[in-house]
Every structure is written in C-alpha cells, then in structure tokens.
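If you want the building blocks of each chain, they are given just below.
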Amino acid sequence: MTEHQHKSGFETRAIHAGYEPDPVTGAVIPPIHATSTFKQDGVGGLRGGYEYSRSANPTRTVLEANLAALEEGERGFAFASGLAAEDTLVRALCRPGDHVVLPDDAYGGTFRLFDKVERAWGLVHDPAPASDPEAVRAAIRPGATRLVWVETPTNPLLGIGDIQVLAGIAHDAGALLVVDNTFASPYLQQPLTLGADVVMHSTTKYCGGHSDVVGGALVVRDHDLAEALAFHQNAMGAVAGPFDAWLVLRGLKTLGVRMDRHCENAERVVEYLSGHPAVAEVFYPGLESHPGHEVARRQMRRFGGIVSFRVTGGEQQALAVCARTEVFTLGESLGGVESLIEHPGRMTHASVAGTALEVPSDLVRLSVGIETADDLLADLERALA
Ligand code: PLP
C-alpha cells in the first residue's frame, strides 16, 4: 500500500489496500494462486518469500494486508474459519493453567471451544458480562488471567462492552483484550484503535458478506504478538485456502456500502418490531433505551444489522415465526446480503443450553439483509400475524 493509501478513507482502503495491479499483466484483481508450492531459484532462493502455501500464499497475503489496513493494525492473519482463528490465538498466547474471562453472552461455538476443547488442554475460564466492567474485573484471577475475551455487540443479545474501559481493566491485570468484531465488522468499529490487543473475525459473516465462504481472521498491532501468531498459523496449519481468501477479499471491497444498507434496514425493522403487540422486547444497540446505547454510539459508526427480539407467545410462537417467513430465510449464520432468521436456543446457541450462557427460549434473531426494506417488513408482518 502506498503512503497515499495509508491516509485514505475506509472504502478506499477496502478496495485497494494490499494489492497493486499485477506488474506483468496489469490484472486489477489479485489472481487466485491455486498452488501448494513455489519454484525456488536454487535452494532457499524464494521469490517474494513464498515457499509453501501453508506458510504463505500470495492471494492470502493480499487479504491479510487488507484486513490489517481496515482494522488499523500492523498484521492480519487469515484462517479456515473463525473458530480456527480463535484456537490458533489461544494456543499462541496461553499455556495450560492459564485463565480466560469469556463473555457470558458469547457465540455458542466460542464457548464450546473453551469449555470442551481448551479446557481439556488445561485452560480454565469464567463467564462475565462484557457490559459490566466491574464484573469483568471481578472475574479476573490475578496472575493467571491471560486473556479477557469480549464480543461487542454480543451474539445473540446485542450487549455492548466498552472496549476502552475493558482494555484498561485487562491491561491493569497484565492480560490482553481480545475483541470478536464479527458483529460490527471493521467498518462500524475498530477495536485496536480503542486499546484492544487482538481483533478476531468470523469472516464468514460481514467481511465475506455473501454467505459463500467460511473463514476467520486475527489482526494485531504488536510485533511480538504478530510473530507468535505467524508461527502458530504455520505450525497449526488452519489457514484460509486461496479461493476462500479471494472470496473474502472480494466481499471486503463492498463492506462499507453493504454495512450502511444493513444498518438502514435494521433500523426500519427495529422501528417496526418495537410497536408490535406480538413482540415483548427488542434488542438493538441503536435503541436509546438499550443499556449500552451511549457506549455503542461512542465506539461504533452505526449500530449494525443484527436484531434480536422476544415474542409474547413463548418458545412455540418463536419457532412458528421462524418457520413462517419467506424473505427471511431460516438458517444459521449472519452477515450475508440475504436476510436470515433463526431460533438461537435451538440453533446457533444449542451448545450452551444448561450453562450460564443459555439464551431465552422465546428469542428470535434476525440478520437483516440488504433487500428492499418494505419487503422485509411485510414478511415479518405475515410471520407475526
Ligand atoms: N464469533 C461470532 C460472533 C460468530 O457469530 C461466529 C460464527 O457464527 C464465530 C465467531 C465462529 O466463526 P466460524 O463459524 O467462521 O468458525
């Protein structure tokens, strides 16, 4: 990236950072380097540092540089999934016996990774609400806590954590603050600029944006952290393949315009649901009544495309609403151009049933897409009738 682009706006970086048109062909878009290995000019004579695609691949390099530019970090790392990124991060930074503070409202798969996989490896964890800094401070075990892990907004209840305050609390205890920025995307919020040490993404979601790829990412500012992640990315091997890296890169180019439309449509949906007699409660950080509204306003550009709500008729009604929509497709995941609806208790968060992270059974989560807003409202009206 040129000096000029370093100072440029988000959308310019999204489209250009990490790639100059190919010097040989002029190709404006980076090729998909579908190669496992690279010819060496004599033993150790690597061209551009490339030797084997687990260690580095030119398509992945472009994506990693682009992500770093968008998050205002120094280095980015692309993985085969969000959970692969998380596992690599944990093993790079923690050792058996270390302790991690987790959100009490985390993505179910993140909790399962810590509770079922990392715990067996000797890592202990405690849940704390990221929206309550004093509860996070109290959950820290002095000397043992290595990571404070935060999602903001959280999945699925849209809780908000104050990144700046939480970074201070983590650092006071000698721990690092990790922010899962999947729900906000780098367009709405850049945690590294607020003091976080590591940003994590499921690029499957808004970064990819078209529900056609599974991927993950980590971005850091610190050189030593970057070296530890680079070593583990290669040593553990859960990397993004070149085609997947290319799809995420293509998605990132339109992230800004997509996010603006996701937010606009979500605001319309929130307004509609807030007055509906079949809706008991709406969760959206853009609502002035949301307890995290002021913090969200400070640290986010807008409030995102995810809306959750509880229905008045209990779990059966929540399931019925999920089954009745036609424009909102019933399915897991989020962040694609198409609107999705799901029942967290039985779907994305089934793995936290019976734990402190269990979600209400009458909860419905919407990933509001970028279709015509009136069609989305009409679809919800039919489903809630
Ligand atoms: N973090 C959040 C907030 C998520 O929503 C998800 C997936 O739904 C993940 C992490 C895990 O990412 P992946 O499914 O790409 O492994």
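See the structure shown above.
Remember, predicted model here, so these are calculated numbers, not experimental data. All residue numbers here refer to positions counted from 1 along the written sequence of the relevant chain. Only residues with pLDDT of at least 70 get local features here, since the model is predicted, and only at 80 or more are side-chain atom pairs given and counted; chain-wide, interface and lining totals rely on the full set of residues. The side-chain numbers reported here are obtained from all heavy atoms of the structure, hydrogens and water having been left aside.

**Focus: the environment of Leu273**
Let me state the cut-off plainly: The way it works is that DSSP assigns letters per residue, a run of H or I at least four long becomes a helix, a run of E at least two long becomes a strand, and they are numbered from the N terminus. Note on exposure labels: buried denotes an accessible area under 20% of the residue type's maximum, exposed denotes more than 50%, and partly exposed covers the range between, all computed with a 1.4 Å probe on protein chains only.
With respect to the helices and strands, the residue Leu273 is situated in helix 11 (residues 255-274). Relative accessible area serves as the criterion here: at 0%, Leu273 is assigned to the buried category. Note: C-alpha distance between Leu273 and Ser308 (35 residues apart in sequence) is 9.9 Å.

**A look at the sheet that holds strand 9 (residues 306-311)**
Worth spelling out the cut-off: Strands are labelled as partners when DSSP assigns at least two bridges between them. For this analysis, residues touch if any pair of their heavy atoms sits within 4.5 Å. Note on geometry: axes are lines fitted to C-alpha atoms, helical ones only across the stretch in contact, with angles between N-to-C directions running from 0 to 180 degrees.
One open sheet holds the five strands; their spatial order is 8-9-12-11-10, and the pairing between them is mixed. The open sheet terminates on both sides in strands that have one partner only, identified here as strand 8 (279-283) and strand 10 (329-330). Sheet topology note: the strand 9/strand 12 (residues 363-367) ladder contains five bridges and is antiparallel. Residue pairing for strand 12: Ser308 is matched across the bridge by Arg365. The sheet strands contacting helix 13 (residues 314-324) are strand 9, strand 10, strand 11 (340-342) and strand 12, and the helix crosses strand 9 at an angle near 135°.

**Some details on the sheet that holds strand 5 (residues 176-180)**
One open sheet accounts for seven strands, arranged 1-7-6-5-4-2-3; its pairing is mixed. Each edge of the open sheet is held by one strand with a lone partner, namely strand 1 (75-79) and strand 3 (124-128). Within the sheet, the average angular offset between the axes of one strand and its neighbour, ignoring direction, is 20°. Pairing analysis gives three bridges linking strand 2 (residues 99-103) to strand 4 (residues 145-151), with the strands arranged parallel. Across the sheet, His99 pairs through a bridge with Thr145, a residue of strand 4. Across the face of the sheet, helix 3 (residues 58-70) comes into contact with strand 1 and strand 7 (216-220) while running at roughly 130° to strand 1.

**Describing the layout of surface pockets**
Defined as follows: Grid spacing is 1 Å over the protein atoms alone, the probe is 1.4 Å, and a cavity is where that probe fits but cannot get out, while a pocket is an open set with protein on both sides within 12 Å along at least five of seven lines and lining residues have an atom within 4 Å of a point. Grid points are joined across faces, edges and corners, and a volume is the space filled by probe spheres set on the points. As a working rule, the residues Ala, Val, Leu, Ile, Met, Phe, Trp, Tyr, Cys and Pro are called nonpolar, Asp, Glu, Lys and Arg charged, and the rest polar, with Gly in that last group. Reported domain spans reflect what an automatic or database domain assignment gives.
For the largest pocket, the calculated volume is near 480 Å³. As for the largest pocket, its lining consists of 23 residues, of which Ala65, Ala68, Glu74, Arg75 and Gly76 are closest to the centre. Broken down by secondary-structure element, the contributors of at least two residues to the lining of the largest pocket are helix 3, strand 1 and helix 9 (223-236). Considering every element that reaches the lining of the largest pocket, the biggest residue donor is helix 3, with six residues. For the lining of the largest pocket, the residue count by class is eight nonpolar, eight polar and seven charged. In this structure, the second largest pocket is lined by 25 residues; those nearest its centre are Asp105, Ser131, Gly159, Ile160 and Pro291. For the lining of the second largest pocket, the leading source of residues is strand 8, giving three residues. Looking at the lining of the second largest pocket residue by residue, the classes come out as 14 nonpolar, six polar and five charged. Mapped onto the domain boundaries, the lining of the second largest pocket takes at least three residues apiece from domain 1 (3-252) and domain 2 (256-384).

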